[in-house]
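Structural overview for review
Each chain is listed here by its residues.
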Amino acid sequence: MVARCKGVARLLLELSHRVPQHCSSARASSSAEPKTEERSLVHVEHHFQSVPRPKRNKETFMAAVSAFRENKPRGHVEFINTALKYIKDYGIHKDLDVYKALLNIFPKGKMIPQNTFQRIFLHYPMQQNCCVKVLDEMEWHGVHPDKEIHDIVVNAFGEWNFATRKVKRMLYWMPKLRYSNKYLDRRNVEGKSLTPAELAGVALKMMCPDPGTAISLTRVFIDGPHNVYVMEHPVEYVVMSCDPVHAPVDEFKHEELEEDFSQWFTEWKNERYERKRSVHEQKHETILALGAMHRTDNKTATLWLERLQEDNPSLSRLKPRLRLDKGVEPVAECL
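This text gives an overview of the structure that appears in the document. (Residues numbered from 1 in each chain as written. Predicted model: local features only at pLDDT ≥ 70, side-chain atom pairs only at ≥ 80, totals over all residues. Heavy atoms only, no water.)

Side note on the overall build of the protein chain
Scanning the protein chain from terminus to terminus reveals 11 helices and five strands. By residue count, 30% of the 335 residues in the protein chain fall in the buried class. A total of about 23300 Å² of accessible surface is found on the protein chain, and carbon and sulfur atoms cover 54% of it. (Helix = DSSP H or I, 4+ residues; strand = E, 2+ residues; numbered from the N terminus. Buried < 20%, exposed > 50% of the residue type's maximum accessible area, 1.4 Å probe, protein only. Areas by Shrake-Rupley, 256 points an atom, 1.4 Å probe, with all protein chains shown as cover.)

Set out below in structure tokens:
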């Protein structure tokens, strides 16, 4: 009996010595895993950071994507998210082939739902959200998908999945809404290398849609204090304005209905010839001219005003007060 108790005690003692060893080895392995993941994340970031800025173009970006597909079949979500951060830095955010290469990183067939429960719930949610993020980047930069983009997403996630619905909606709506902006005809800007003067003309037409407005080109350019965007191209402009010439018109006046219609023709005639506010007359100012120039100072603005006076001699009666050096737009006071 004593010998049996000694054997049990010896067995418990051996187990007590073995358990901490397993725990310590598990802790060591768990502590080593984050270091490995951290090194891999730094390595993915290094794919794009190591390229010098003069050499950051489509060729080097596609080379990094090809190297990842050859060497690392896993970790595609982290790689695509990292690539999206640098896609604009490489100047290829409007290239359809780049988005095709990123979407082709997803494995084909593995993430397609195979049963009803997988179709109901979001199957492979991280991968699908990453795919939607790529499609959102395309939509934000105005890149229209084609049939090949649709086929790539379908081969990766199935026919009617979360990411596939996104690309189907883009294929349907983006061509319809391409020219829906009534202030800008994208065909005059898209795919063309416009000069700053041409971009300035497009921007001024957007801000002043009056058909009677004449836009003239002056050989003086100013980066004014106000900004307007022609698609993704920023254009800066200045404004010449004066106090309102007429009293503000109440466009939402209350109308009282009367049963006496004996003077209806006279009232209709008066309303017909009643003065209405034009697009140039704002509530607190009247806009006389807009200019997109190259330098924001009083000297350049004076040259701009002299050029305007050649086309419109009536402007010579204005006494300009320029404060561009202080960051304030030029204001014109009527004499």
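Regarding helix H6 (residues 125–140)
In a regular helix each residue adds 1.5 Å, so 16 residues correspond to 22 Å; H6 covers 22 Å between its end C-alpha atoms and thus fits that length. Turning to H6, its buried residues are Gln127, Gln128, Cys130, Cys131, Val132, Val134, Leu135 and Met138. On its buried face, H6 is in contact with helix H3 (76–86), helix H4 (96–103), helix H7 (147–157) and helix H8 (162–176). A positive phi of about 75 degrees marks Gly142, the residue just after H6. (Expected span 1.5 Å × (residues − 1). Contact = heavy atoms within 4.5 Å.)

Comments concerning the packing of H3 against H6
The N-to-C vectors of H3 and H6 enclose an angle of 20 degrees; their axes lie 10 Å apart at closest approach. What the angle tells us is that H3 and H6 run roughly parallel. Judged by the sense of rotation from one axis to the other, the crossing of H3 with H6 is left-handed. Between H3, through His76, Val77, Ile80, Asn81 and Leu84, and H6, the contact on the second element is made entirely by Met126, Gln127, Cys130, Lys133, Val134 and Glu137. Along the lines of polarity and charge, the residues of the contact of H3 with H6 split into six nonpolar, three polar and two charged. (Axes fitted to C-alpha atoms, helices over the stretch in contact; angles between N-to-C directions. Parallel < 35°, antiparallel > 145°, perpendicular 65-115°, else oblique. Left-handed = near helix turned anticlockwise from the far one by under 90°. Nonpolar A, V, L, I, M, F, W, Y, C, P; charged D, E, K, R; others polar.)

Some points on the packing of aromatic side chains
Applying the stated rule across the entire model yields eight aromatic pairs. For the pair Phe48 and Phe61, a centre-to-centre distance of 5.4 Å together with 35 degrees between the ring planes defines the contact as tilted. You can see Phe48 sitting in helix H1 (residues 2–49) and its partner Phe61 sitting in helix H2 (residues 58–71), a full 13 residues away along the chain. Note on Phe61: relative accessible area 0%, which makes it buried. Centre to centre, the rings of Phe48 and Tyr86 are 5.6 Å apart; their planes meet at 15 degrees, and the pair counts as stacked. With Phe48 in helix H1 and Tyr86 in helix H3, the pair connects residues that are 38 residues apart, well separated along the chain. The two residues Phe48 and Tyr86 agree in class, both being buried. Through successive ring pairs, a cluster of aromatic residues spans Phe48, Phe61, Phe68, Phe79, Tyr86 and Tyr90. The residue whose ring lies beneath Lys168 is Trp160, and the NZ or CZ to ring-centre distance is 4.7 Å. (Phe/Tyr/Trp six-rings, centres within 6.5 Å; stacked < 30°, edge-to-face > 60°. Lys NZ or Arg CZ within 6 Å of the ring centre and 35° of its normal.)

Side note on the nonpolar core
Counting 41 residues, the largest nonpolar core has Phe61, Leu103 and Phe106 as its most contacted members. Excluding its chain neighbours within four sequence positions, the residues that come into contact with Phe61 are Phe48, Ala83, Ile87, Tyr90, Ile92, Val98 and Leu102. Residues Val189, Ala200, Val228 and Val235 belong to the second largest nonpolar core, which totals 13 residues. (Core = buried A, V, L, I, M, F, W, Y, C linked by side-chain atoms within 4.5 Å.)

Quick notes on helix H9 (residues 196–207)
Helix length check: H9 (12 residues) gives 17 Å between terminal C-alpha atoms against 16 Å at 1.5 Å per residue, within 8%. All of the buried residues along H9 are Leu199, Ala200, Gly201, Val202, Ala203, Leu204 and Met206. Residues of H9 that are buried in the fold lie against strand E1 (226–230), strand E2 (233–242) and strand E3 (286–291).

Some points on the pairing of E2
The element E2 is extensively covered by neighbouring structure, given that seven of its 10 residues are classed as buried. Alignment of E1 against E2, held across five bridges, turns out to be antiparallel. Bridge pairing in E2 links Val230 to His233. Between E1 and E2, which pair antiparallel one after the other, the connecting turn spans two residues, and Met231 there sits at a positive phi close to 55 degrees. Alignment of E2 against E3, held across five bridges, turns out to be antiparallel. Across the sheet, residue Met240 finds its bridge partner in E3, namely Ala289. (Pairing = 2+ DSSP bridges.)

A look at the pattern of salt bridges
Close approach of charged atoms lets side chains of opposite charge pair. Inspection of every chain in the model, using the stated rule, returns 12 salt bridges. Residue Asp146 pairs with Lys100 through a salt bridge whose shortest N-O separation is 2.9 Å. Of this pair, Asp146 sits in the loop between H6 and H7 while Lys100 sits in helix H4, and the two are 46 residues apart along the sequence. Overall, the relative accessible area of 24% leaves Asp146 in the partly exposed class. Classification of Lys100 as buried rests on a relative accessible area of 10%. Among the salt bridges present, the one from Lys168 reaches Glu159, with a minimum N-O distance of 3.0 Å. Linked by salt bridges that have partners in common, Arg53, Arg56 and Asp89 make up one network. (Salt bridge = Lys/Arg side-chain N within 4 Å of Asp/Glu carboxyl O.)

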